[in-house]
Every structure is written in C-alpha cells, then in structure tokens.
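# Per-entry structural report
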Amino acid sequence: MIYIIHMKKLKRKRFIKSGTILPFVLFLCLLFPASLFAQNKHDTTSYIQTVDVKTGKIDTVFVAKGDFEAPNWHPDNYLVMNFRGKMYKLDLAGKALTQINTGSLNQLMDDHGLSPDGKWIALTSFDAYNPSQKIYKFSIYVVPAAGGQPWKITTSSDLSFWHGWSPDGKTLAYCGGDFSNLDVYTIPVEGGTAKRLTDTPGLDDGPDYSPDGKYIYFHSYRSGRMQIWRMHTDGSQPEQMTFDENANWFAHPSPNNKWIAYIAYTTDQKQNHPFGKDVKLRLMDLKTKTITDITPVFYGGAGTINTPSWSPDSKKVAFVSYSVK
C-alpha cells in the first residue's frame, strides 16, 4: 500500500503541456510512481523544518525515515502531517509523534488542513481505483482534529483535492474536475453543491483563502508557465502575482495577511509538481509585491509545502525537505 501516498504527487505528473493525458502513462504512474521506485531502492529521510520568515533561520524539529508530507501548524503548537496514507501529530515541544484516528480512512493524501478554529481537519482520500473502467476517485472528508469518524464532503466529482478553508469555517476550496482539466471549486463544509471558480486551459490548483476572506490564492498554468494568481472568492477579477522564470506553486497567505509564502521550482516543470527537485521557499510582501527567498535551494517538491503551514503568529513556516540515499 506504500504507493498510495504518492498518488497526489503524480496528479501533476499526469499532465503534458497540451493539457491532455497519455492513458498508458497514467496507468503506469498510478501503479508504479517514480518516487516509489526511489524508495524501493534507496533510503528516504524527511527533515521536518521551520523557517523564520524575517531572519531566515531554519530549525530542524524532527527527522524521520520515509516521506512525511505537508505539515499544518495547529494553534496548540503541534504539526499535522501525512505518512503512508495516515495522519500524524508531531508535538513541537516534546517531539512526540502520534497517529491521528481517521476512522476507516487509511489512504490519505498530502492535501489536508486545519479549520480556522483548529477543531477540524479536512482530508483528501484516495477512494477508488479501477483501471479497466477508468475509475480514479479522490474525495474530501472532514474529521475532528483530535481524531474520530470522518464524514464525506464531496460526492459527485471523481477528483477533488482539498486545499483551503474559508476564514469563517463555512466553505472549503479545492482542486477538482477530471484529469483533462482540473480547476478551482468551492463547496459548503457540510456538503452540497460545488461552485466552479475557474475554467481556463491548463491546471488551476492549490486554492487558499486570504485571512480577510477577500481573495483566493492559487497557481495556474494559463500564462504558459506555472505562476501564482489570486481572485475574488467568487472567482472574479483574476490577477497574476508572479512573473518569473521559476515554477511557482502553493501560495499560502500568512495569518496576519502581510505575506504569501510559496514553493518555487528553480527549473520549469510545466504542469508537473514532482518529488525530488531543487526548490526553495519564497515570500511576497503583499503591500509592496516584493519577493525574497526565505530558504536556500533544497531537495524537495511534492510534499514539501502543499497546504497551509504558517505558525499562528505569522513568524514561521513549516516545511519538509528530503534526502535520498
């Protein structure tokens, strides 16, 4: 079952430049992701780290074998991460790592995050795989942050990958649709009818709300290179935020709404979000639009900073870097 944790990484790998998909490659990727081969032949180590966005000081808070992914920072000073299809809690004071009960869900992806009040976790689960019928289903669930029985939010879409929670806790933003054209959607947290916010050629993904509820930040390939964008929460007035030579993904606004932090691949990855590449974390001042590096280049990519990972005081960002022997 180890391959399950790599399915989301391959979500972006399944795209080629035209936005179409090679079915045979898709089939092989689902069964034999590249990162799985790496783990079968090598020893992967995860370094769960934090970076001070003003000083650039990086602290390694935990080192673990295997690929832990996508840390979220809880107000009670612990991180929530996924590992091999399950959720874990890392206490930052005592460094204790414990599994979070998610009921029957044990094929969870690296798209998960805490509600604004810290009481709930939104989860993305790999629910179905039937290559003969071309069925690949990913669904969104919500579970108590302390653990418990999850309930399902998305039911109609074959693909739905959670990424953002509205500041009032009432709405979830996610990447969904079908493999040929994934876009940004929102849905009430209690479930119901989803609303499509983007409809452009290429991938629109990684939606995350600004703390004031005015914007949704996301990354998009609509310009021919993966860049950071934002739009109003109804999908109107899309605005491009980055214009550089990097491949920019997963913009997350700080709780104080002063910055966005995001991951930048140092080489163009088209519409792919692969594991095992040179990346760095960058910070944009939302008032001046000035962009600075907050980490040096490191080995990372998928799993590094998929979902919101700011500390509650807006001073630090949690992320994961990797080494493979």
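As a reminder, the structure under discussion sits directly above these lines.
Let us look at the structure shown here. (Residues numbered from 1 in each chain as written. Predicted model: local features only at pLDDT ≥ 70, side-chain atom pairs only at ≥ 80, totals over all residues. Heavy atoms only, no water.)

## As for the environment of T186
Tracing the chain through its elements places T186 in strand 13 (residues 181-188). Overall, the relative accessible area of 9% leaves T186 in the buried class. Through-space distance from the C-alpha of T186 to that of A173 is 4.3 Å; in sequence the pair is 13 residues apart. When near neighbours in sequence (up to four residues on either side) are disregarded, T186 contacts T171, L172, A173, Y174, T193, A194, K195, L197, Y209 and I216. (Helix = DSSP H or I, 4+ residues; strand = E, 2+ residues; numbered from the N terminus. Buried < 20%, exposed > 50% of the residue type's maximum accessible area, 1.4 Å probe, protein only. Contact = heavy atoms within 4.5 Å.)

## Details of the side chain of D244
Locating D244 in the fold gives a position in the loop between strand 18 (239-240) and strand 19 (247-253). Side chain to side chain, D244 and R282 meet in a polar contact 3.5 Å long. Residues contacting D244, with those up to four places away along its chain left out, are R225, Q227, Y262 and R282. (Polar contact = N/O pair within 3.5 Å; in protein donor to acceptor, adjacent residues only side chain to side chain.)

## Focus on the packing of aromatic side chains
Scanning the entire structure with this criterion turns up 14 aromatic pairs. A centroid spacing of 5.1 Å and a plane angle of 45 degrees characterise the contact between F126 and F138, whose relative ring orientation is tilted. You can see F126 sitting in strand 8 (residues 120-130) and its partner F138 sitting in strand 9 (residues 135-144), a full twelve residues away along the chain. In terms of burial, F126 and F138 fall into one category: buried. (Phe/Tyr/Trp six-rings, centres within 6.5 Å; stacked < 30°, edge-to-face > 60°.)

## Section: the environment of G148
Counting through the fold element by element, G148 comes out in the loop between strand 9 and strand 10 (151-152). Sequence separation of G148 and N101 is 47 residues, and the distance between their C-alpha atoms is 5.6 Å. Residues in contact with G148, not counting those within four places in the same chain, are N101, T102, G103 and V143.

## Remarks on the sheet that holds strand 17 (residues 227-232)
Read from one edge of the open sheet, four strands run 15-16-17-18, paired in antiparallel fashion. Two strands in the sheet have a free side with no partner beyond their single neighbour: strand 15 (204-209) and strand 18. Relative to strand 16 (residues 215-220), strand 15 runs antiparallel, the two sharing four bridges. In the strand pairing of strand 16, D204 is matched with S220. (Pairing = 2+ DSSP bridges.)

## Considering the layout of surface pockets
Here the largest pocket defines a volume of roughly 550 Å³. Forming the boundary of the largest pocket are 24 residues, of which L114, S115, P116, P255 and P308 lie nearest the centre. Here the element with the most residues in the lining of the largest pocket is strand 11 (residues 159-165); it accounts for three residues. Counted by class, the lining of the largest pocket contains 14 nonpolar, nine polar and one charged residues. (1 Å grid on protein atoms, 1.4 Å probe; cavity = no way out; pocket = protein on both sides within 12 Å on 5 of 7 lines; lining within 4 Å. Points joined across faces, edges and corners; volume = space filled by probe spheres on them. Nonpolar A, V, L, I, M, F, W, Y, C, P; charged D, E, K, R; others polar.)

## A short note on the nonpolar core
Counting residues in each nonpolar core, the largest one holds 30 residues, and the members touching the most others are W249, L281 and V317. Mapped by element, the contributors of at least two residues to this core are strand 9, strand 11, strand 19, strand 20 (259-265), strand 21 (275-285) and strand 24 (316-324). Here this core takes four residues from strand 20, the largest share from any one element. For L281, the contacting residues outside a window of four places in its chain are V51, Y262, I263, T292, D293, I294, T295, F298, T304, I305, V317 and F319. Membership of the second largest hydrophobic core comes to 17 residues, among which are I48, M81, F83 and A302. (Core = buried A, V, L, I, M, F, W, Y, C linked by side-chain atoms within 4.5 Å.)

## Focus: the pattern of salt bridges
Within the structure shown, the criterion is met by twelve salt bridges. K57 serves as the salt-bridge partner of D59, at 2.4 Å between the closest nitrogen and oxygen. The partly exposed category is assigned to D59, whose relative accessible area is 25%. Here R282 ties to D244 by a salt bridge, and the two come within 3.5 Å at their closest N and O atoms. Pair noted here: R282 is in strand 21 and D244 is in the loop between strand 18 and strand 19, with a separation of 38 residues, a long-range link. Per residue, the accessibility class of R282 equals that of D244, and both read buried. Here the residues in one salt-bridge network are D244, K280, R282 and D293, joined through shared partners. (Salt bridge = Lys/Arg side-chain N within 4 Å of Asp/Glu carboxyl O.)

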